[in-house]
Amino acid sequence: MSHTSGVRQAQKQKTRQALLDAALGLLEEQSLSSLGLREVTRAVGVAPTAFYRHFRSTADLGVALVEEALGSLHPMIRTTMAPAEDDDERIGRAVELIARHVAAHPAHVRFVARERHGGVQPVRRAIREQLARFAEEVKAELTEDASAAGWSEADLRMLAGLYVDQMLITASLFLETLDAPEEERRRAVETARRQLRLIGVGRAHWLD
């Protein structure tokens, strides 16, 4: 690759990321279905035609935002569900990782929470596919537990889905209390721990 083409490629990537960042900022106040590409390009300071060098549509941009928001989380999901001394250690680790992620990426969390059931079908599908991947990764970790002996594939998949759904609920709970007083944030953490513990209790007695 020549120096000129390398600079051009770097500039193209920079503009693409600027469009994603601008869209994410605008989506703090509205849904993707109401977002216009002219709003996005105006925020970046490029011509509307420049948008199409990077995305086919705002739906395509939304799918890219899903990948940015969720695609990098797969290692974290595996870490969350990795073996631990006991359930309380695993729960504590999960809650801490989720809280840290929400604090670092609130706009991404808000975007996924809103668009998971939003009006843009390709984006809903992209979120659903990412969550299905999370569930399969959680299921793989659960299968390694001695307590999984005797569980059917269908039941393990169901349990994995419960954990993934609860992680999303926990992230939304932490998002709502991000700027709340310390006492309210502590209550949110305790609620998250208790909800995950309840799933663990049900898991322990599922084969009874």
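Thresholds, definitions, all that
Residues numbered from 1 in each chain as written. Predicted model: local features only at pLDDT ≥ 70, side-chain atom pairs only at ≥ 80, totals over all residues. Heavy atoms only, no water. Helix = DSSP H or I, 4+ residues; strand = E, 2+ residues; numbered from the N terminus. Buried < 20%, exposed > 50% of the residue type's maximum accessible area, 1.4 Å probe, protein only. Contact = heavy atoms within 4.5 Å. Polar contact = N/O pair within 3.5 Å; in protein donor to acceptor, adjacent residues only side chain to side chain. 1 Å grid on protein atoms, 1.4 Å probe; cavity = no way out; pocket = protein on both sides within 12 Å on 5 of 7 lines; lining within 4 Å. Points joined across faces, edges and corners; volume = space filled by probe spheres on them. Nonpolar A, V, L, I, M, F, W, Y, C, P; charged D, E, K, R; others polar.

**Focus: the environment of Arg197**
For step 1, the next point in the chain: As for its placement among the helices and strands, Arg197 is situated in helix α10 (residues 182–204).
For step 2, the next point in the chain: Judged by its relative accessible area of 31%, Arg197 is partly exposed.
For step 3, the next point in the chain: When neighbours within four sequence positions are excluded, Arg197 is seen to be in contact with Asp88, Ile91 and Glu190.
For step 4, the next point in the chain: Separated by 3.3 Å, the side chains of Arg197 and Asp88 make a polar contact.

**Some remarks on the layout of surface pockets**
For step 1, the next point in the chain: The computed volume of the largest pocket comes to approximately 330 Å³.
For step 2, the next point in the chain: Along its surface, the largest pocket is lined by 21 residues, and Leu70, Val112, Met167, Leu168 and Ala171 are the ones closest to its centre.
For step 3, the next point in the chain: For the lining of the largest pocket, the leading source of residues is helix α9 (residues 153–176), giving six residues.
For step 4, the next point in the chain: Split by residue class, the lining of the largest pocket holds 16 nonpolar, four polar and one charged.

**Focus: empty space enclosed by the protein**
For step 1, the next point in the chain: Applying the stated criterion across every chain, the model contains one cavity of 30 Å³ or more.
For step 2, the next point in the chain: Put simply, the largest cavity is a space of about 120 Å³.
For step 3, the next point in the chain: Along the walls of the largest cavity sit Met81, Asp87, Arg90, Ile91, Ala94, Tyr163, Met167, Leu196, Gly200 and Arg203, which together make up its complete lining.
For step 4, the next point in the chain: Of all elements in the fold, only α6 (87–104), α9 and α10 reach the threshold of two or more residues within the lining of the largest cavity.

**Notes on the side chain of His74**
For step 1, the next point in the chain: One can find His74 in helix α5 (residues 74–81).
For step 2, the next point in the chain: Taking the relative accessible area as the measure of exposure, His74 reaches 3% and is therefore buried.
For step 3, the next point in the chain: If near-sequence neighbours (up to four positions away) are discounted, His74 is found in contact with Gln130, Arg133, Phe134 and Glu137.

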